[in-house]
Amino acid sequence: MSQTAQQDPALLEALTLLLGSDTIPNMLNAQQSQALCQHLDCSPIELAERMLPLAASFSFAPKSNFHVGAIAIDQQGQLFLGANYELAYGPLSGSLHAEQSAIFNALSHQAAALTDLVINAAPCGYCRQFINELAVASQLKVHFNQQNYDFSQLLPQSFGPDDLGVQSPLAKLNITKAEQAVDFAKASYAPYTQVQSAMFAYQGEQRLAWSCYIENVAFNPSISPLLTLLSQLKLNHLSLDKVERFELWEHKDNQFSFKQELENFALHSNKTMVHYDYP
């Protein structure tokens, strides 16, 4: 935490004291969040606002050099950090926004319904459309620049899952009993294309991180499993040096594949890539 110590020494001291570690956490459970709020005499929203520089420290932005942090809060008072991630090569479309990172982090931890999203910059239109995919979008509160908004204020006359007849918008990923790689691919949220796709980073036989495809009604804000996988590695303080191979698991009847995207990254990063089709 030394790189950010000058920003909020009281927060960093409290985190180290209560968590027993000087490693920046990628999430706080309800008990940890409550203890920190009591120790710092602040609300969960105020705590999240103070933690935004820590969230932004997970950012990888070699192109824009614009580091964004976001924190999603659920009904239990858990905090889930996220940050933007940009590929060092290829087009600018090869990026994951901080809001998407925080939301996937929450989903991967089986968070309860999200209630608040705290950001250190106003969400772009791309992210507003992605957020609109959430089942709780109409109740979500968004906080940035010391201001609070109902999400509906940020995306008036929106186009969302209801417009295409989706009865189960994005809420939870079905990973409660996921053990095999196929289980994580089947947990993809893809009501528009039914695509099942998951990626994994391995060191030997140890699974370092995983991700799956999450789709959006507007399609452009859909996020590839590659970008969420790289974001998850960063959020877990894992460098690419630790990754020996990447695996991509996809249903054989998928309408499209992320194979080429992962091959390009594997070539750029000099990593081994394995692709599996399952029935």
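Residues numbered from 1 in each chain as written. Predicted model: local features only at pLDDT ≥ 70, side-chain atom pairs only at ≥ 80, totals over all residues. Heavy atoms only, no water.

A.B. asks: I'm lost on the overall build of the protein chain in this one. Help?
C.D. replies: Counting secondary structure elements, the protein chain contains 9 helices and 12 strands. Its C-alpha atoms give the protein chain a radius of gyration of 18 Å, within 12% of the compact-globule value 19 Å for 279 residues. Along the three orthogonal principal directions, the C-alpha set of the protein chain runs to about 55 × 45 × 35 Å. Across the protein chain, the fraction of contacts at a sequence separation of at least 24, relative to all contacts at a separation of at least 6, is 64%. Here the protein chain has roughly 12,900 Å² of accessible surface; of this, 47% comes from carbon and sulfur atoms. Across the protein chain, the centroid of the 14 positively charged side chains sits 5 Å from that of the 26 negatively charged ones. (Helix = DSSP H or I, 4+ residues; strand = E, 2+ residues; numbered from the N terminus. Rg over C-alpha atoms; globule rule 2.2 N^0.38 Å. Contact = heavy atoms within 4.5 Å. Areas by Shrake-Rupley, 256 points an atom, 1.4 Å probe, with all protein chains shown as cover. Lys, Arg positive; Asp, Glu negative; His and termini not counted. Charge placed at Lys NZ, Arg CZ, Asp CG, Glu CD.)

A.B. asks: What should I look at first to understand the pattern of salt bridges in this one?
C.D. replies: For the structure on display, the rule yields 5 salt bridges. When the shortest N-O distance is used, the salt bridge between R245 and E205 registers 4.0 Å. One end of the pair, R245, is in strand β11 (residues 245–251); the other, E205, is in the loop between β9 (197–203) and β10 (206–212), and 40 residues separate them in sequence. Here R245 ties to E247 by a salt bridge, and the two come within 3.0 Å at their closest N and O atoms. Residue classification places E247 among the buried positions, given a relative accessible area of 6%. Via salt bridges that share partners, E205, R245 and E247 belong to a single interconnected network. (Salt bridge = Lys/Arg side-chain N within 4 Å of Asp/Glu carboxyl O. Buried < 20%, exposed > 50% of the residue type's maximum accessible area, 1.4 Å probe, protein only.)

A.B. asks: How should I be thinking about the layout of surface pockets in this particular structure?
C.D. replies: In this model, the largest pocket occupies a volume close to 390 Å³. For the largest pocket, the lining is made up of 23 residues, of which S93, G94, S224, L227 and E261 are closest to its centre. Counting residues per element, the ones that place at least two in the lining of the largest pocket are α8 (225–235) and α9 (259–269). Broken down by class, the residue content of the lining of the largest pocket amounts to 11 nonpolar, 10 polar and 2 charged. (1 Å grid on protein atoms, 1.4 Å probe; cavity = no way out; pocket = protein on both sides within 12 Å on 5 of 7 lines; lining within 4 Å. Points joined across faces, edges and corners; volume = space filled by probe spheres on them. Nonpolar A, V, L, I, M, F, W, Y, C, P; charged D, E, K, R; others polar.)

A.B. asks: Explain the nonpolar core to me, please; I cannot follow it from the model alone.
C.D. replies: Nonpolar side chains in soluble globular proteins generally cluster together in the buried interior. Of all hydrophobic cores here, the largest spans 73 residues; its most connected members are L114, L134, L233 and F246. A total of 6 residues in this core trace back to one element, the largest contributor, which is helix α4 (residues 98–108). With near-sequence residues (within four places) excluded, L233 lies in contact with A201, L208, A209, L238, L240, V243 and F246. If you look at the next biggest cluster of nonpolar residues, it comprises 25 residues, including L15, L28, M51 and L235. (Core = buried A, V, L, I, M, F, W, Y, C linked by side-chain atoms within 4.5 Å.)

A.B. asks: I keep staring at the sheet that holds β10 and nothing clicks. Help me out?
C.D. replies: Taken in spatial order, the 4 strands make up an open sheet running β10-β9-β11-β12, and their pairing is mixed. On the outer flanks of this sheet lie β10 and β12 (272–278), each paired with one strand and no other. Each strand axis lies, on average, 20° off the axis of its neighbour in the sheet, ignoring direction. Docked against the sheet, α9 engages β9, β11 and β12, running at close to 175° with respect to β11. (Pairing = 2+ DSSP bridges. Axes fitted to C-alpha atoms, helices over the stretch in contact; angles between N-to-C directions.)

A.B. asks: Mind showing me how you'd approach the pairing of β12 here?
C.D. replies: The side chains of a regular strand alternate, residue by residue, between the two faces of the sheet. Sheet topology note: the β11/β12 ladder contains 7 bridges and is parallel. Opposite R245, over in β12, you have T272 as the bridge partner.

A.B. asks: I keep staring at the sheet that holds strand β2 (residues 69–74) and nothing clicks. Help me out?
C.D. replies: Across a sheet, paired strands are connected by hydrogen bonds in the backbone, their directions being either parallel or antiparallel. Reading across the sheet, the 6 strands line up as β1-β3-β2-β6-β7-β8 and stay open at both edges, with mixed pairing between neighbours. Lying at the two open borders of the sheet, with one neighbouring strand each, are β1 (27–28) and β8 (147–150). Strand direction decides the pairing type here: strand β7 (residues 141–144) and β8, joined by 4 bridges, are antiparallel. What sits directly across from H143, in β8, is N148.

A.B. asks: How should the packing of aromatic side chains be read in this particular structure?
C.D. replies: Aromatic rings considered in pairs are described by the distance between their centres and by the relative angle of their planes. On inspection of all chains with the given rule, the structure shows 13 aromatic pairs. Ring centres of F256 and F258 lie 5.7 Å apart, and the angle between their planes is 85°; on these two criteria the pair is classed as edge-to-face. Linked through ring pairs, F104, F184, F200, Y202 and W210 together constitute an aromatic cluster. Above the ring of Y202, the side-chain terminus of R245 is found at 4.4 Å from the ring centroid. (Phe/Tyr/Trp six-rings, centres within 6.5 Å; stacked < 30°, edge-to-face > 60°. Lys NZ or Arg CZ within 6 Å of the ring centre and 35° of its normal.)

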